[in-house]
Structure formats: C-alpha cells, structure tokens
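In case you want the letters, here they are:
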Amino acid sequence: MTTPASATRINLLDYDPTAMRELFGERGIEKYRADQITEWIYRRGEYVFGKMNNLPADLRARLVSEFTIDVGEIAQRSVSKDDKSVKLLIKFNDGELVETVMIPRKERRTVCVSSQVGCKFGCVFCASGQAGFARDLKTGEIVAQVLRARDESDTKDVSHIVFMGMGEPFDNYGEVLAAIRRLNDPKAFEIGARKITVSTSGLVPKIESFCEKGMQIELSVSLHGANDEVRSKLMPINRKYPVHDLMQACKEYVDKTGRIVTFEYLLAKGLNASISDAKELAMLLRTVHCKVNLIPLNPIPEFPYERPTYPEILAFQDVLVRNEIPATVRFSRGNEINAACGQLRRMAKGSTTPMPSRKKSA
Ligand code: SAH
Ligand code: SF4
C-alpha cells in the first residue's frame, strides 16, 4: 500500500502561530512567511498554498512539497431544514471520519467539535460510545473542524465552541488543551475562553487538573443520573468515578475557579425522568453552584427508550427551578440529520441497524 503524500508532509494546523515561526526558522524559511500563512488560514480561510499570492512562486512550490494545511475532506454535508444547522462528516487522510456541526442561532455561530474518532466510554445511550473507539484526534484535526465549519457560516466566522461531538475531550487532554489555546489565540481564532465549553463524562482526575490551569473555559459535566445505580446503568465510567467523587471534583472546580458548572442531564422516560428523580437531583445539587441543561433523549437503536412528553419535561424542570437550581431544556437541534453524536459516522460506515419498531416502555 502506498502512503498518501499528505501523510508524509508536516500539517501546519498542528502548529500554533509561534511554533510555526520556529519551524520555518529551523528549515531556513524566513519567519515572517509563517505569519503570512497564519493570516491566510485564520483570517482569510485559504488552505491552498498556490493561492497565497503574496508568497513567491518558488516558496509556494517548496511549501507544497514539505507541508500541508490538512482541513480534511467533506465526505458528507447535511443541512437541517428546521434550524439551518449544518452537520459535516469530515474524512482525514487515514480514512477516519468525524462529525462537526455548525449551529447558527441569532447572533451566535456555535461549532460542535469532536475530540476523538469514536469513544472508549461506552455510554449506553450514545452512538459514539456504542460504535467503539478508533483513535484520538490531533490538535490540527480539531482545528480543521472549526475551519471547515466556519466556512459553512453565512458570516464566515465562529463565536462559540462546544466540545460535544464524538469522543471524550478529557481522554485526549493534551491535544484538546492545545486546540483550546489555538481557539483562544489572537493570531488564530481569537474566541474568548468563556465562549468555549468542554463537556466531560466525569473523568475526575482530569477535572481536578483542569482546575489548576486557571483557564476561564466553561465546564459541562454529563450527569444523567442522581445516584450511582441509575448513573452506572447509563454510563460505565460511573463505576470508576462515582457520583460522590464527581460532586467533590465539581465543588473543587467551583471553589478554585469561581465559575459555575453546567450539568447535562439526559431525560429518558422510565429511567431518570420522573418527579422523584427530579427531587433526588435537586437534593444532590443543592450545595453545588451550578445550572442544569436538560436534554430530551435522542433515541438510538441500541437504546430504544423514549423521550418524556413535553409536560413531563416541563414538570421535571419545574422541580429544579423551585429548588433554586437554574434549569434549561435543550431540544436537540437538527434531529432529522441524525444529531445524536456519532450517528452520522456510523451510518457512513454502514454499521447502523434499523430502528426497532417497538420501543421499550417504562
Ligand atoms: N464525551 C463527552 C462529550 C461528548 S457527548 C460527554 O459525554 O460529555 C456530548 C453530550 O451529548 C453529552 O452530554 C452526552 O451525554 C450527550 N448525548 C450523547 N448521546 C445522546 C443521545 N442519544 N441523546 C441525548 N444526548 C446525548
Ligand atoms: Fe463517550 Fe460522551 Fe458518548 Fe459517553 S456520552 S460514550 S463519554 S461521547
């Protein structure tokens, strides 16, 4: 098998603007040329060296032979009819696929990025978890998703980032932190830390080290159950880091950063969505400075539960609010384009099974 040429070239998206200057210096290319390329990539959205017309022709030829700006290939693009979200399936040069979504909403243009190809953590309701893990993404591949998604927005810019696509960001900690720095970098995307959200399934030691970084990033924790019995049923990671330990880590995060934690809580009828579940959740969270994001389940074939009804969702939310826990409901967007993370990739790989006709009831 021949190796694709791009695999032997250096991907400049793996380098931040300062490191790119150093790299060029080491290779005898004037450092200011790196600044010009940074400008082309992040300000003008140009990824083809041949079109960078302020670079001399001989340098452009050299760049093509030694480097690449690997934004991947768009293998599939679907636009949601109801809200104009654009979901991309991006193929990298080893053939692996990741999902990225551009969500335009009033003055916001939010990009939902993947941090890994698949996921190791096997949450029973999650398409990425059920499809298994292939590999970590490199920093440049996370950056590539943001560039590709930015190209999809009407205004060609991005205001917010959420690490809520495929994968567990804290299981690919170093590459994700480097990507966050790039998102933040005034020479690159220049997105404020408070507009970047990292969602974790609750890797306690990583939440603890994240506290120490002193970054003003928004932390979201996928909780989904108010006790170990329910949470372990849904999320195998709970057996390693149970609810009590997770709450301690979240409290420490609040104390050290002065920021609040958002808890994501999926609602599946008959599992975790009754009024008594809401009361137990309110009790658990009463001493944590937090807000709750309720997510009605996006059913996948392996987890054929249903969403609660609209009045049931509102009743659940009401219990939290009456207990002074701010709670919003996130009706997942772009349902008709298979918005639950990991579904699009799985269909493209041809391993999806049809939805069962009968759903498990409560
Ligand atoms: N691994 C991280 C981030 C990716 S998942 C995490 O688990 O937090 C992003 C969010 O989507 C998580 O809150 C996850 O629990 C939720 N999610 C995954 N599959 C879902 C589904 N089928 N329906 C609703 N939410 C889902
Ligand atoms: Fe992985 Fe998050 Fe899906 Fe769980 S919900 S399997 S941690 S991506």
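Definitions and cut-offs
- Residues numbered from 1 in each chain as written.
- Chains lettered and ligands numbered in written order.
- Predicted model: local features only at pLDDT ≥ 70, side-chain atom pairs only at ≥ 80, totals over all residues.
- Heavy atoms only, no water.
- Buried < 20%, exposed > 50% of the residue type's maximum accessible area, 1.4 Å probe, protein only.
- Helix = DSSP H or I, 4+ residues; strand = E, 2+ residues; numbered from the N terminus.
- Right-handed = clockwise from strand over helix to strand, strands pointing away.
- Pairing = 2+ DSSP bridges.
- Near = heavy atom within 4 Å.
- Nonpolar A, V, L, I, M, F, W, Y, C, P; charged D, E, K, R; others polar.
- Polar contact = N/O pair within 3.5 Å; in protein donor to acceptor, adjacent residues only side chain to side chain.
- Areas by Shrake-Rupley, 256 points an atom, 1.4 Å probe, with all protein chains shown as cover.
- Salt bridge = Lys/Arg side-chain N within 4 Å of Asp/Glu carboxyl O.
- Disulfide = S-S within 2.5 Å.
- Core = buried A, V, L, I, M, F, W, Y, C linked by side-chain atoms within 4.5 Å.
- Domains from an automatic or database assignment.
- Contact = heavy atoms within 4.5 Å.
- Arc of directions from axis to C-beta.
- Axes fitted to C-alpha atoms, helices over the stretch in contact; angles between N-to-C directions.
- Parallel < 35°, antiparallel > 145°, perpendicular 65-115°, else oblique.
- Left-handed = near helix turned anticlockwise from the far one by under 90°.
- Phe/Tyr/Trp six-rings, centres within 6.5 Å; stacked < 30°, edge-to-face > 60°.
- Lys NZ or Arg CZ within 6 Å of the ring centre and 35° of its normal.

Undergrad: Please explain the pairing of strand β13 (residues 290-296) as it appears in this structure.
TA: Remark: a regular strand shows side chains that alternate across the two faces of the sheet. Of all the seven residues making up β13, six are buried; the element is thus mostly covered by neighbouring parts of the structure. In terms of handedness, the path from strand β12 (residues 261-267) via helix α11 (residues 275-285) over to β13 forms a crossover that is right-handed. Pairing geometry for β13 and strand β14 (residues 327-329), over three bridges, is parallel. Paired with L294 across the two strands is V329, which belongs to β14. In the classification by handedness, the crossover that spans β13, the intervening helix α12 (residues 310-322) and the parallel β14 is right-handed.

Undergrad: Quick question: what am I supposed to make of the site of ligand 2 here?
TA: In the vicinity of ligand 2, the contacting residues are C119, F121, G122, C123, F125, C126, G129, G167 and S201. Broken down by class, the residue content of the shell around ligand 2 amounts to five nonpolar, four polar and no charged.

Undergrad: What is the right way to look at the site of ligand 1 in this model?
TA: If you check the shell around ligand 1, you find 19 residues, and the closest are G167, S199, S222, H224 and N298. Between ligand 1 and G167 there is a distance of 2.9 Å, counted from a nitrogen atom to a backbone nitrogen or oxygen. One of the backbone nitrogen or oxygen atoms of N298 is found 2.8 Å away from a nitrogen atom of ligand 1. Here ligand 1 loses 94% of its free accessible area of 530 Å² to cover by the protein chains. Secondary structure elements with two or more residues in the shell around ligand 1: β10 (196-200) and β12. Its residues assigned to classes, the shell around ligand 1 comprises nine nonpolar, eight polar and two charged.

Undergrad: What is the right way to read the pattern of salt bridges from this model?
TA: Two side chains carrying opposite charge are able to pair once their charged atoms lie near each other. The tally for this structure, following the rule as stated, stands at 18 salt bridges. The partner of R21 in a salt bridge is D35, with the nearest N and O atoms 2.5 Å apart. Here the residue R21 occupies a position in helix α2 (residues 17-26), and D35 occupies one in helix α3 (residues 31-43), the gap between them amounting to 14 residues. Using a relative accessible area of 29% as the deciding quantity, one classes D35 as partly exposed.

Undergrad: For this particular structure, what's the right way to read the state of the cysteines?
TA: Here is the idea: a disulfide is a covalent bond, and it sits between the sulfur atoms of two cysteines. Enumeration over the complete set of coordinates arrives at zero disulfides. Unpaired in this structure, C290 has its nearest cysteine sulfur neighbour in C250, at a distance of 8.7 Å.

Undergrad: Hey, could you run me through the nonpolar core in this one?
TA: Burial of nonpolar side chains together is a common tendency in soluble globular proteins. Among the nonpolar cores identified, the biggest contains 109 residues, and I37, I161, F163 and F263 are the most heavily contacted of them. Per-element accounting of this core gives the leading share, seven residues, to helix α10 (residues 243-257). Taken domain by domain, the makeup of this core includes at least three residues from each of domain 1 (5-68) and domain 2 (73-337). Beyond its immediate chain neighbours, meaning those up to four positions away, I161 contacts V111, V113, V146, L183, I191, K195, I196 and T197.

Undergrad: I would appreciate a short explanation of the environment of A149 in the present structure.
TA: For A149, the position within the fold is in helix α6 (residues 139-152). Setting aside residues up to four positions removed in sequence, A149 forms contacts with L88, T100, M102 and V111.

Undergrad: What is the right way to read helix α8 (residues 204-212) from this model?
TA: An α-helical turn contains 3.6 residues, so a residue and the one three or four places further along point in the same direction. V204, I207, F210 and C211 are the residues of α8 that are buried. Down the axis of α8, the smallest arc covering the buried residues is 120°, so these residues share one side. Buried residues in α8 make contact with α7 (173-184), β10, β11 (218-222) and α10. Just past α8, the residue G214 takes up positive phi, approximately 65°.

Undergrad: I keep staring at the packing of α11 against α12 and nothing clicks. Help me out?
TA: Geometry of a packed helix pair, given as the angle between the helix axes and the separation of the axes. Their axes nearest at 9 Å, the elements α11 and α12 cross at an angle of 25°. Between α11 and α12, the crossing angle belongs to the class labelled roughly parallel. Here the hand of the crossing between α11 and α12 comes out right-handed. Facing α11, whose interface residues are I275, D277, A278, K279, L281 and A282, α12 presents A315, F316, V319 and L320. Residues that form the contact of α11 with α12 fall into these classes: eight nonpolar, no polar and two charged.

Undergrad: What exactly am I supposed to notice about the packing of aromatic side chains here?
TA: Aromatic rings considered in pairs are described by the distance between their centres and by the relative angle of their planes. The full count for this structure, using the stated rule, is seven aromatic pairs. A centroid spacing of 5.6 Å and a plane angle of 70° characterise the contact between F170 and Y173, whose relative ring orientation is edge-to-face. Here F170 matches Y173 in class, with each residue buried. Feature note: the residues F125, F303 and Y305 constitute an aromatic cluster, connected by ring pairs. Here the basic side chain of R44 rests over the ring of W40, its NZ or CZ set 3.9 Å away from the ring centre. The aromatic ring of Y173 is capped on one face by K206, whose charged end is 5.6 Å from the ring centroid.

Keep in mind these numbers describe shape, not what the thing actually does.
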